[in-house]
Each structure stands twice: as C-alpha cells, then as structure tokens.
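# Descriptive structure summary
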Amino acid sequence: MADFSRIFCYQNPVSNPFRIGVVGSGKGSNFAAIADAIAAGRVPAEVAMVLSEVADAGILALARDRKLPAQHIPPGTYRTKLDEEAERAFVKALQDARVDLIVLAGFMRVLKGDFLRAFEGRIINIHPSLLPSFPGLAAWKQALDYGVKVSGCTVHFVDAGVDSGAIIGQRTVPVMDTDTAETLHQRIHAAEHQLYPECVAAIARGEISVQGRRVIWKK
Ligand code: GRF
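Quick look at the structure, then. Treat the numbers as computed from the prediction; the structure is a model and nothing was measured.

### Notes on the packing of aromatic side chains
Considering all chains together, one arrives at three aromatic pairs under this definition. Lying across the ring of Tyr78, Lys81 places its NZ or CZ 4.4 Å from the centre.

Here you go:
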C-alpha cells in the first residue's frame, strides 16, 4: 500500500489558482458539480484539463460547453486499462496542463504504475459506496443485494489497488425498503455531487493532511 504520509505533497507550493485535471469515461455529472462549485466560488481551483478515453463521453461535451480544455485520448487495445502509448499520452496531457491534482470522475479503467508514479499522492477518486464495503463495479447494486440499510459514497486517494486508497471523505444515504438499484444509485449520485466538490476544495485550500491511512481535516 502507498505511504500517503510520505507522498502527500500539498505542504509544497502549488499553483495559484490550484489546477485540477479531471478524467472520466461517462456522463460527467460529478465533473459538472465540481465545475459549478468552482464557478460559484465554493472551490478555489480551476479546471486545467478534462480527458476521456471515450470519444463521445458526456464529460467532454460538458467541458466544451463550459469552454474548458477537453481532449479525447484513445485507450488502446485493452478493455480495463490504458495501453502504454495511451498511458504516456494521458500523463503528458496532464503534465502539459500543469495540474496540481487529478480528479477521477467516473473513469472506468484501472491506473497502472507509470501513471501512478507520475502523480504520486495527487490522484483522487469517488466511489459509490461506503468503502471498504463494496469496491469494484456497480457498488450501489452490491449494497442493495447485500441488504445494507445505509450506503453512500467515498472520496479517496488512488493507489495501485481497486478502491483501496486512504479515505478523504464519506457521505451516507439511507437504503429504503422500496429502493431499486436505480433509485439507490440516484440517491448516492446526489450525495456525490455534494461530497466531491467539498473534498476538492479542502485539498485546494491545503486543509487536509495525511497520517498513514488517516486523512485529517484541519477545519
Ligand atoms: C459515479 O457514480 C462515481 O461514483 C463512479 O462513476 C460514476 C460517475 O458518474 N466512480 P458521472 O460520470 O460523474 O455522472
């Protein structure tokens, strides 16, 4: 497991304003929530780049609507990860954009060593369950099928495992007896749109520190 206390680097100077790169494969509602929170002055950051491996992903359209830099980079031959050439292109685009933080927002591929090393301790993700319960795909359905009464979402640092990095923030939602996978997913998604901008804002303000696996909020 990564030693987040060693690699977490926001004690060092970062750009002003704080620059985020957003990477996603899907419709981009979390990206939109963060971009809206920035526009409303609730997150002291700017979106320096939005990347997707899916040419017609909603996240790219939403970025272009907002006149933000957006780029499609083909993923190569694999289904669950980027091939080496694609990985190099993602890393280069994010380095060229001088991002301080990479925000994964519905990115459906596992990040491997070279990408993680290039941005060690500076990649975060949102997952639609209360980790460490229900990592992996369709977490809301896993939770419903298991029969839990409370679920939610988790923002966490990204390490080499699947949804296993240090937890930055979590938000709970109730699971109703009448829920379907769809209705529970919608409730979790709404919670994500609150939690993710709050976590990005705290990081951008330098308000969190990392002690082993524990992420401490100073305010
Ligand atoms: C979210 O549910 C998030 O938890 C998961 O992927 C989904 C992305 O949704 N990692 P969106 O593209 O932000 O709407």
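### Regarding the nonpolar core
Ranked by internal contacts, the top residues of the largest apolar core, which has 43 residues, are Ile20, Val22, Val103, Ile124, Ile168 and Tyr196. Ranked by residue count, the leading element in this core is helix 7 (residues 181–204), at eleven residues. Discounting chain neighbours no more than four positions away, the residues touching Tyr196 are Asn30, Ile34, Val103, Leu104, Ala105, Ile124, Asn125, Ile126 and Val155. Of all hydrophobic cores here, the second largest spans 22 residues; its members include Ile73, Leu82, Leu116 and Phe119.

### Some thoughts on the site of the ligand
Around the ligand lies a shell formed by Lys27, Gly28, Ser29, Asn30, Gly106, Ile126, His127, Pro128, His185, His189 and Glu192. Lys27 places a main-chain nitrogen or oxygen 3.5 Å from an oxygen atom of the ligand. Taking Pro128, its main chain carries an N or O atom lying 3.5 Å from an oxygen atom of the ligand. Calculation on the ligand without its partners gives an accessible area of 370 Å², and the protein chains cover 88% of this total. If you map the ligand onto the pockets, it falls in the largest pocket. Looking at the shell around the ligand, the elements with two or more residues in it are helix 2 (29–39), strand 5 (123–127) and helix 7. Sorting elements by how many residues they give to the shell around the ligand places helix 7 first, with three residues. Tallied by class, the residues present in the shell around the ligand amount to two nonpolar, seven polar and two charged.

### Notes on the side chain of Glu192
In this fold, Glu192 is placed in helix 7. One buried charged side chain, Glu192, makes no salt bridge at all; its nearest oppositely charged neighbour is Lys27, positioned 8.3 Å away. Here Glu192 is in contact with Asn30, Ile126, His127, Pro128, Cys153 and Pro197, once residues within four sequence places are set aside.

### Observations regarding the layout of surface pockets
There is about 880 Å³ of room inside the largest pocket. Looking at the largest pocket, it is lined by 34 residues, and the ones nearest its centre are Gly106, Phe107, Met108, Ile126 and Leu137. Elements with a minimum of two residues in the lining of the largest pocket: helix 2, strand 5 and helix 7. Across the lining of the largest pocket, the residue classes tally to 13 nonpolar, 15 polar and six charged.

### Regarding the packing of helix 6 (residues 139–146) against helix 7
Packing of helix 6 against helix 7 brings their axes to within 9 Å, and their N-to-C directions diverge by 120°. Put simply, helix 6 runs oblique to helix 7. In terms of crossing hand, the pair formed by helix 6 and helix 7 is right-handed. The segment helix 6 lies against helix 7, with Trp140, Lys141 and Leu144 engaging Ala181, Leu184, His185 and Ile188. In terms of residue class, the contact of helix 6 with helix 7 is built from five nonpolar, one polar and one charged.

### Regarding helix 6
Within helix 6 the residues assigned to the buried category are Ala139, Trp140 and Ala143. Axial view of helix 6: buried residues confined to an arc of 105°, hence all on one face. Those residues of helix 6 hidden inside the fold are in contact with strand 5, strand 6 (150–157) and helix 7. Note on helix 6: the residue one or two positions beyond its end, Gly147, has a positive phi of about 95°.

Criteria and thresholds
Residues numbered from 1 in each chain as written. Predicted model: local features only at pLDDT ≥ 70, side-chain atom pairs only at ≥ 80, totals over all residues. Heavy atoms only, no water. Phe/Tyr/Trp six-rings, centres within 6.5 Å; stacked < 30°, edge-to-face > 60°. Lys NZ or Arg CZ within 6 Å of the ring centre and 35° of its normal. Core = buried A, V, L, I, M, F, W, Y, C linked by side-chain atoms within 4.5 Å. Buried < 20%, exposed > 50% of the residue type's maximum accessible area, 1.4 Å probe, protein only. Helix = DSSP H or I, 4+ residues; strand = E, 2+ residues; numbered from the N terminus. Contact = heavy atoms within 4.5 Å. Near = heavy atom within 4 Å. Polar contact = N/O pair within 3.5 Å; in protein donor to acceptor, adjacent residues only side chain to side chain. Areas by Shrake-Rupley, 256 points an atom, 1.4 Å probe, with all protein chains shown as cover. 1 Å grid on protein atoms, 1.4 Å probe; cavity = no way out; pocket = protein on both sides within 12 Å on 5 of 7 lines; lining within 4 Å. Sits in = over half its atoms within 2 Å of the grid points. Nonpolar A, V, L, I, M, F, W, Y, C, P; charged D, E, K, R; others polar. Lys, Arg positive; Asp, Glu negative; His and termini not counted. Salt bridge = Lys/Arg side-chain N within 4 Å of Asp/Glu carboxyl O. Points joined across faces, edges and corners; volume = space filled by probe spheres on them. Axes fitted to C-alpha atoms, helices over the stretch in contact; angles between N-to-C directions. Parallel < 35°, antiparallel > 145°, perpendicular 65-115°, else oblique. Left-handed = near helix turned anticlockwise from the far one by under 90°. Arc of directions from axis to C-beta.

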